[in-house]
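# Fold and geometry: a report
Single-letter residue listing:
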Amino acid sequence: MIKKICCIGAGYVGGPTMAVIAYHCPEIDIHIVDSNNERIDLWNSDNLDNIPVKEPGLSKIISKVRGKNLFFSNEVDKYIDLCEMIFIAVNTPTKTSGEGKGMAADLKNIINCAKQVSLASKSDKIIVEKSTLPVRTAEKIKEILENNKREKINFEIISNPEFLAEGTAIQDLFKSDRVLIGADQTESGKIAQNKLIDIYKKWIPEEKIIKTNVWSSELSKLASNAMLAQRISSINSLSALAEKSGAKIDELSMAIGKDHRIGNKFLNASIGFGGSCFQKDILNLVYISRQYGLDEVADYWHNVVKINEFQKDRFSQIIIRNIETSSNQTVSVLGWAFKKDTNDSRESSSIAVTSNLILKGLTVNVYDPLIKINQIYHDITAYLEFKNINQKNITRLLKKLSVKDNLNDCIIETDAIAFLTEWDKFLNIKWDKFSKNQHIKNKPKIFDGRGIIDYEYVSSLGYQIYQIGNGDNSIN
Ligand SMILES: NC(=O)c1ccc[n+]([C@@H]2O[C@H](COP(=O)([O-])OP(=O)(O)OC[C@H]3O[C@@H](n4cnc5c(N)ncnc54)[C@H](O)[C@@H]3O)[C@@H](O)[C@H]2O)c1
């Protein structure tokens, strides 16, 4: 029985997954470690509103386990040495330089972890890959562990990819569709696999725990994300066709989704997928496919990302086309998080759309219930830098951006309102009251990137609306 777990990486995966294990396994002490001191301080904050990952239900669980059997620390080496099982849940973003730039996963953090585990360990360890990794990464980790180790000890590497979705992480972890555990089919590999299974069995029914070899497990995670993203790009590509042909994408989604072979999940047309995973994992899949000489496979998956870019760009261009860009018009962007109920804005569509708007000279007001002002400026700056815009121009462009701390201030005087995150709060806008203060000519145009506006009702109040995939749009 495992008694002590160390998790390297106190992020969106490490924090919630370890909190849920701690909750279900009070007999196991869990130490989450991270090299980011500020993040660790926030996890240890007395005020649970300050924990760095916002997920429905997370702070309640943290309040129950923190200080009992769940601990946050920056003493990485100490807890590596102390624990028998080490989860690696560090970030693996797309490479920004060197070979594979813009496509391959950057394994720098994984390599550093492997070295650190190897150097700090004085006893046998089971290493669990929790981060999403290219297929056959376990081989590289093993090599690093063996080459750097100081003691005559054994490292067993198992793959246990995480399938949680941000915004529903706790729910997903409590009731996982499946838990995948890939291990070497050796005697020691199977023992390690069973030790991890014993942990999950505390709350996951055994039939949902899938045992595979390491490579199937690593590849399954990339493939799952690619297939989810593919559905989004499929419906989004059809949304463009629906608009042109007079069809309605929600009717199409319903008709398609009723086929039980297809199913109705992930068929909502939108501004496109964001988040730290889908794009990076598909690009990684594309890169790996090319490395194996499978160009057709690579091209096929690359198009999923290309359609996503097309959708964000198409939406931006529709706003720009319909708003006078010469007389300093304002667009209110509602939502910065990549989806509702998370404080994560990585790869959010709002970043690309807002950048496109300010680059065209429009003024943009932004409101998001959870994302802090510094993060919004940071996201835009990083995006513009990536587009090779120089610092002087970035400073000039940022003057066009204004972040509001309440919804009303964001939309009260504006020429257009663009819905980019499907926050529940936006469903409660009182359009009738709002409309009374506005002369018909001054009513902002509405651009609904999330299909959350009651089109008929809001148009009946005199608003012009563009809604993704709606063939009846009064704006196009
Ligand atoms: N976010 C998701 O929804 C999600 C879902 C499933 C899988 N994943 C995968 O899980 C992994 C982690 O994702 P995340 O969203 O939690 O990332 P994150 O950026 O939120 O957290 C990663 C943490 O690791 C820390 N870290 C990096 N290198 C370190 C090192 N050498 N030593 C100590 N700490 C280190 C960072 O400081 C950071 O706090 C990624 O591979 C991701 O693809 C993410």
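Residues numbered from 1 in each chain as written. Predicted model: local features only at pLDDT ≥ 70, side-chain atom pairs only at ≥ 80, totals over all residues.

### With respect to the overall build of the chain
- Assigned secondary structure in the chain consists of 18 helices and 14 strands.
- For 476 residues, the compact-globule formula gives about 23 Å, and the C-alpha radius of gyration of the chain, at 24 Å, lands near that figure.
- Judged by the C-alpha coordinates and their principal axes, the chain covers about 75 × 50 × 45 Å.
- In the chain, of all internal contacts separated by at least 6 residues, the share reaching a separation of at least 24 is 74%. (Helix = DSSP H or I, 4+ residues; strand = E, 2+ residues; numbered from the N terminus. Rg over C-alpha atoms; globule rule 2.2 N^0.38 Å. Contact = placed C-beta atoms within 7 Å.)

### What to know about the domain arrangement of the chain
- Under the domain assignment, the chain is made up of domain 1 (4–212) and domain 2 (247–467).
- Relative placement of domain 1 and domain 2: their C-alpha centres are 32 Å apart.
- Listed per partner, the contact involves 15 residues of domain 1 and 16 residues of domain 2.
- Looking at side-chain class alone, the side of domain 1 that touches domain 2 contains eight nonpolar, four polar and three charged residues. (Domains from an automatic or database assignment. Nonpolar A, V, L, I, M, F, W, Y, C, P; charged D, E, K, R; others polar.)

### Topic: the site of the ligand
- Neighbouring residues of the ligand: 26 residues in total, closest Gly9, Gly11, Val13, Asn91 and Ser131.
- In terms of residues, the shell around the ligand owes the most to one element, helix 5 (residues 108–120), which gives three residues.
- Classifying every residue of the shell around the ligand gives ten nonpolar, twelve polar and four charged. (Near = placed C-beta within 6 Å.)

### Regarding the pairing of strand 7 (residues 179–182)
- Both faces of strand 7 are covered, namely the face carrying Val179 and Ile181 and the face carrying Leu180 and Gly182.
- Relative to strand 8 (residues 209–212), strand 7 is paired through four bridges, and the arrangement is parallel. Residue pairing in the sheet places leucine 180 in a bridge with isoleucine 210 of strand 8.
- Taken together, strand 7, helix 8 (residues 187–200) and strand 8 form a β-α-β motif whose crossover is right-handed. (Buried ≥ 20, exposed ≤ 12 C-beta atoms within 10 Å, placed from the backbone. Pairing = 2+ DSSP bridges. Right-handed = clockwise from strand over helix to strand, strands pointing away.)

### Points about the packing of helix 11 (residues 278–291) against helix 12 (residues 295–322)
- Between helix 11 and helix 12, the least distance of the axes is 8 Å, while the angle of their chain directions is 160°. In terms of their interaxial angle, helix 11 and helix 12 are classed as roughly antiparallel. As for how helix 11 packs across helix 12, the hand of that crossing is left-handed. Taking contact as the criterion, the partners of Gln279, Ile282, Leu283, Leu285, Val286, Ser289 and Arg290 in helix 11 are, on helix 12, Asp295, Val297, Ala298, Trp301, His302, Val304, Val305 and Asn308.
- Its residues placed into classes, the contact of helix 11 with helix 12 shows nine nonpolar, four polar and two charged. (Axes fitted to C-alpha atoms, helices over the stretch in contact; angles between N-to-C directions. Parallel < 35°, antiparallel > 145°, perpendicular 65-115°, else oblique. Left-handed = near helix turned anticlockwise from the far one by under 90°.)

### A word on the sheet that holds strand 14 (residues 465–467)
- Strand order in the open sheet formed by six strands is 11-10-9-12-13-14, and the pairing between neighbours is parallel. Because the sheet does not close on itself, it has two edges, and the strands there are strand 11 (401–403) and strand 14. If you compare each strand with its neighbour and ignore which way they point, the axes differ by 15° on average.
- One ladder, built from three bridges, connects strand 10 (residues 363–367) with strand 11; its direction is parallel. Counted as the bridge partner of valine 364 is leucine 401 from strand 11.

### Notes on helix 13 (residues 349–359)
- In terms of burial, helix 13 is largely enclosed, as nine of its eleven residues are buried.
- Buried within helix 13 we find Ser349, Ser350, Ile351, Ala352, Val353, Thr354, Ser355, Leu357 and Ile358.
- Glycine 361 lies just past helix 13 and shows a positive phi near 95°.

### Focus on unusual backbone geometry
- If you check the backbone angles, phenylalanine 266 has positive phi at about 60° while not being a glycine.
- With respect to the helices and strands, the residue phenylalanine 266 is situated in the loop between helix 10 (249–257) and helix 11.
- With a phi close to 55°, glutamate 347 is a non-glycine residue in the positive phi region.
- As for its placement among the helices and strands, glutamate 347 is situated in the loop between strand 9 (330–334) and helix 13.

### Here we look at the packing of helix 13 against helix 14 (residues 373–386)
- Their axes nearest at 10 Å, the elements helix 13 and helix 14 cross at an angle of 70°. Regarding the angle of helix 13 to helix 14, the classification is roughly perpendicular. Relative to helix 14, the crossing made by helix 13 is right-handed. Residue-level contacts link Ile351, Ala352, Thr354 and Ser355 of helix 13 to Asp379, Ile380, Tyr383 and Leu384 of helix 14.
- Here the contact of helix 13 with helix 14 is built from residues that sort into five nonpolar, two polar and one charged.

### Some thoughts on the environment of isoleucine 21
- Tracing the chain through its elements places isoleucine 21 in helix 1 (residues 14–24).
- For isoleucine 21, a count of 22 C-beta atoms within 10 Å translates into the label buried.
- For the pair isoleucine 21 and serine 245, spaced 224 residues apart in sequence, the C-alpha separation works out to 50 Å.
- If sequence neighbours within four positions are ignored, isoleucine 21 has contacts with Ile28, Ile30 and Ile199.

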